[in-house]
Every structure is written in structure tokens, then in C-alpha cells.
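# Secondary and tertiary structure notes
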Amino acid sequence: MRLHGLLSFPLTPFTTDGKVNLAVLADHVEQQLAAGPSGLFVACGTGEFTSLSLQEYREVVGIAVQVAAGRAPVFAGAGGGPAMARDFAIAALEAGADGLLLLPPYLVHSTPAGLVEHVRYVAEATPLPITVYQRANAVLDPDAAVALLDVPTVVGIKDGKGDVSAMLRLVTAIRTSGHPRADEFGFLNGLPTAELSVQAYRSIGVESYSSAVLCFVPDIATAFYRAVTTGDAATVQRLLAAFYLPFVALRDLVPGYAVALVKAGARLGGLDVGSVRPPLVDATDEHVERLAAIIAAGRRAL
Ligand SMILES: O=C([O-])C(=O)C[C@H](O)[C@@H](O)C(=O)[O-]
């Protein structure tokens with residue numbers, strides 16, 4: 001199950017009284033599928049995994065699986081400490097997920113070899129294919145990346161660190177390892193607003209990427225994807241200048257806006273996804289107005 005193409009990371013909608021809004025989630029997943037992503041990653045960073053109870057998580061994954069109905073594979077986030085990550089991994093399997101995105105272990109810093117042992121520990125609890133999310137305290141080195149090949153259900157690495165030369169070292173170590181799984185192993189550009197680094201990552205052989213922007217402007221996200229994969233440099237430049245760079249400038253004003261602005265964008269698009277859960281904070285009215293103007297400029301550049 002090698003990762004490829006454009007990947008969707010749906011939001012988790014909440015009602016005004018703070019419950020998961022499964023009806024809106026079903027509509028959101030349906031809209032995401034219409035954009036043609038090659039996979040859905042629910043309850044990950046954009047889907048506010050860290051804010052969900054185990055029961056809510058079961059429901060989120062279950063609805064996504066039900067709505068997708070085989071049209072795209074559904075991957076579920078799993079994280080926290082090792083025991084908690086196992087519990088979520090088991091729940092994802094029971095809810096019908098096709099695979100897992102293993103988020104960094106909660107708060108603990110360790111070595112790259114220690115991270116491999118964490119991955120192995122979670123992998124022992126589930127037959128589901130696992131993509132390892134390199135981000136924050138979860139950092140691999142080339143030896144650790146190659147060691148992941150010996151965990152038979154680990155199928156790829158999603159990079160959220162953004163160090164292109166370090167990622168090049170991981171890709172090269174795996175592809176030249178001589179391991180029987182070296183060629184099928186997947187790499188995914190999973191940086192916040194990954195479109196900004198798509199060109200750099202493609203140049204080191206990492207072509208697949210996650211797009212949170214796909215949640216609220218699927219027309220812009222798919223036009224960008226088409227442009228980047230067909231070599232339409234003029235459209236790539238136009239969309240970066242009109243939409244992505246101003247969006248990232250706004251996103252960078254407030255910690256947590258990588259999720260909160262995406263939720264605000266979905267609300268602007270008419271989807272009642274509600275607020276973010278604490279500790280995230282919702283975008284201010286002024287920032288939502290700026291977002292609306294950025295979306296309009298992006299659409300003019302299509
Ligand atoms: O866990 C997550 O939601 C991500 O990191 C994926 C996002 O889609 C990210 O790539 C982005 O913001 O474009």
C-alpha cells in the first residue's frame with residue numbers, strides 16, 4: 001500500500017455543545033471524495049486526534065469508512081503513549097480502517113532507535129499497515145529509517161519536519177538498502193500546508209503530499225495538484241502567489257491556525273464544522289475576513 005498522489009486529511013466537525021458532529025463529518029468526507037484524493041486520513045492533526053476520546057474516535061473512523069465505502073482507503077491517526085497508541089490502533093481496526101498514521105509519542109523525547117521500538121510496539125498490536133509520522137519529538141535517522149523496513153507492516157514515512165536534506169538522507173538510505181521492501185516503501189510530504197514545499201520534495205523523489213487546504217478549497221487544491229504533476233509551472237507560481245503564500249502568512253500569526261483556519265475556511269464554504277477544541281483557538285473575525293479575501297484571490301488565479 002504505497003502512498004501516492006494527493007491525500008485528504010479531513011476535519012473533525014463539532015456541534016455547538018461540543019460533541020462530534022457525525023452528520024457533518026459524513027458530508028465533509030463525501031465532498032473530499034469528490035475531489036479524488038488517493039487516501040483519506042481521518043482523526044490526524046487536521047482532524048484534531050489529540051482532542052478525541054476513544055469512543056469519539058471509533059465513531060469518526062467508522063463514519064469515514066462507511067461513507068468512503070471502498071472508494072478510497074481510510075487511514076486513521078493513532079498516537080499518545082505506547083499503550084494509548086495501541087488502544088487507538090485496535091479501535092481503528094475494529095472500525096474498519098485500512099491503515100494507520102502513527103503520530104509522535106506524547107511528550108517523551110527519545111533516540112531514533114527508541115522511536116523504532118515505539119513503532120514496533122504499536123505494530124505488534126495490529127495487522128494494519130502503518131505510516132510513521134516524523135514530526136516534533138519523533139525524528140528518524142537513516143539507520144532508524146532502514147530498521148523500519150524490518151517491521152513488516154510499516155509501509156511509509158510522512159515527514160512533518162521539513163528538513164529536505166535530512167529527508168533526502170532517509171529516502172536514499174531506504175531506497176539503496178537492498179531490503180526486499182525498499183522500492184515499495186512510501187514517502188509523504190506531510191508538512192503544514194504541504195503545497196509550499198511540494199516542488200522541493202518532488203525533487204528528492206517524494207511526490208505524494210497531504211493537503212489540509214483540500215478540506216475547504218478543493219478547487220484550488222486540485223488545480224495546484226494538477227499543475228504540479230503536469231509541469232504547469234505558471235499555474236503553480238500563480239496559485240502560490242495569490243493563495244498559498246498569503247494563507248501561510250495568516251496561518252503563522254497564531255499557533256494552531258494550521259487547523260483553526262482550515263475549519264474557518266470550511267465554515268466559509270457552508271459546512272457547519274463548528275469550532276476547534278481547546279487548547280486550539282478559533283480564528284478571529286478579522287482573520288476570517290482576511291481568509292475570505294485570500295480564498296477569493298486564489299479563485300481569481302485559477
Ligand atoms: O496530520 C495532519 O493533519 C497533517 O499534518 C496533514 C496536513 O494536511 C498538512 O499536510 C497540511 O496542513 O497541509
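Everything below is about the structure shown above.
Figured I'd write up the structure that's included with this text. (Residues numbered from 1 in each chain as written. Predicted model: local features only at pLDDT ≥ 70, side-chain atom pairs only at ≥ 80, totals over all residues. Heavy atoms only, no water.)

For the rest of this paragraph, the subject is the overall build of the protein chain. Check the secondary structure of the protein chain and you find 11 helices and 8 strands. Scaling as 2.2 N^0.38, a compact globule of 302 residues should have a C-alpha radius of gyration of about 19 Å, and the protein chain matches this with 18 Å. The principal-axis extents of the C-alpha atoms in the protein chain amount to approximately 50 × 45 × 35 Å. Residues classed as buried in the protein chain amount to 54% of the 302 residues present. Just so you have it, the protein chain exposes about 12100 Å², and 57% of that area is on carbon and sulfur atoms. The protein chain carries 22 positive and 28 negative side-chain charges, and their two centres are separated by 3 Å. (Helix = DSSP H or I, 4+ residues; strand = E, 2+ residues; numbered from the N terminus. Rg over C-alpha atoms; globule rule 2.2 N^0.38 Å. Buried < 20%, exposed > 50% of the residue type's maximum accessible area, 1.4 Å probe, protein only. Areas by Shrake-Rupley, 256 points an atom, 1.4 Å probe, with all protein chains shown as cover. Lys, Arg positive; Asp, Glu negative; His and termini not counted. Charge placed at Lys NZ, Arg CZ, Asp CG, Glu CD.)

Generally speaking, soluble globular proteins have nonpolar side chains that are buried together. In this structure, Phe41, Tyr57, Ile157 and Met167 are the most contacted members of the largest nonpolar core, which totals 68 residues. Element by element, the count of residues in this core is highest for helix α2 (residues 54-68), at 7 residues. Leaving out residues up to four positions away in the same chain, phenylalanine 41 has contacts with Leu3, Leu7, Ser8, Phe9, Pro10, Phe75, Leu101 and Leu188. Core analysis: the second largest hydrophobic core is formed by 42 residues, Val217, Ala227, Phe247 and Ala264 among them. (Core = buried A, V, L, I, M, F, W, Y, C linked by side-chain atoms within 4.5 Å. Contact = heavy atoms within 4.5 Å.)

We now examine the pattern of salt bridges. Going through the model one piece at a time under the given rule, you end up with 11 salt bridges. The partner of glutamate 48 in a salt bridge is lysine 263, with the nearest N and O atoms 2.7 Å apart. A residue pair is termed long-range when its members are at least 10 positions apart, and glutamate 48 in the loop between β2 (39-42) and α2 and lysine 263 in helix α10 (residues 257-268) qualify at 215 residues. In this structure, glutamate 48 and lysine 263 share a single accessibility class: buried. (Salt bridge = Lys/Arg side-chain N within 4 Å of Asp/Glu carboxyl O.)

The environment of the ligand is formed by 14 residues, the closest being Thr46, Tyr133, Leu191, Thr193 and Ser210. Take threonine 46: an N or O atom from its main chain is 2.6 Å from an oxygen atom of the ligand. Contact between the ligand and alanine 194: an oxygen atom at 3.3 Å from a main-chain N or O atom of the residue. In isolation the ligand exposes 340 Å². Once the protein is present, 96% of that is buried. Of the residues that constitute the shell around the ligand, the class distribution is 7 nonpolar, 6 polar and 1 charged. (Near = heavy atom within 4 Å. Polar contact = N/O pair within 3.5 Å; in protein donor to acceptor, adjacent residues only side chain to side chain. Nonpolar A, V, L, I, M, F, W, Y, C, P; charged D, E, K, R; others polar.)

In terms of burial, strand β6 (residues 154-159) is a largely internal element, 6 of the 6 residues being buried. Across 5 bridges, strand β5 (residues 130-134) lies against β6 in parallel orientation. Within the sheet, the bridge partner assigned to tyrosine 133 lies in β6 and is lysine 158. After leaving β5, the chain enters helix α5 (residues 142-148) and then returns to the sheet as β6, a path that is right-handed. For β6 and strand β7 (residues 186-189), the ladder comprises 4 bridges, and the chain directions are parallel. Bridge pairing in β7 places lysine 158 opposite leucine 188. The parallel pair β6 and β7 is bridged by helix α6 (residues 164-175), and the resulting crossover is right-handed. (Pairing = 2+ DSSP bridges. Right-handed = clockwise from strand over helix to strand, strands pointing away.)

The geometry of an aromatic ring pair is captured by the separation of the ring centres together with the interplanar angle, meaning the angle of the planes. Inspection of the entire model under this criterion finds 12 aromatic pairs. Where phenylalanine 185 meets phenylalanine 187, the ring centres are 5.6 Å apart and the plane angle is 65 degrees; that geometry is what we call edge-to-face. You'll find phenylalanine 185 and phenylalanine 187 in the same group, each marked buried. Lying across the ring of tyrosine 121, arginine 86 places its NZ or CZ 3.6 Å from the centre. (Phe/Tyr/Trp six-rings, centres within 6.5 Å; stacked < 30°, edge-to-face > 60°. Lys NZ or Arg CZ within 6 Å of the ring centre and 35° of its normal.)

What follows is about the environment of tyrosine 133. One can find tyrosine 133 in strand β5. Spatially, the C-alpha atom of tyrosine 133 lies 10.0 Å from that of leucine 100, the residues being 33 residues apart in sequence. Sequence-distant contacts of tyrosine 133, defined by excluding residues within four places in its chain, comprise Leu101, Leu102, Leu103, Pro104, Ala138, Lys158, Gly160 and Gly190. In terms of polar contacts, tyrosine 133 uses its side chain to reach the side chain of lysine 158, at 2.9 Å.

In this section: the side chain of arginine 277. Within the secondary structure, arginine 277 sits in the loop between α10 and α11 (285-300). Judged by its relative accessible area of 15%, arginine 277 is buried. In this structure the side chain of arginine 277 is engaged in a polar contact, spanning 2.8 Å, whose partner is the side chain of glutamate 56. Every residue in contact with arginine 277, bar those within four places of it in the chain, is listed here: Phe14, Gly18, Lys19, Val20, Glu48, Ser51, Leu52 and Glu56.

This is a description of form; function is not addressed.
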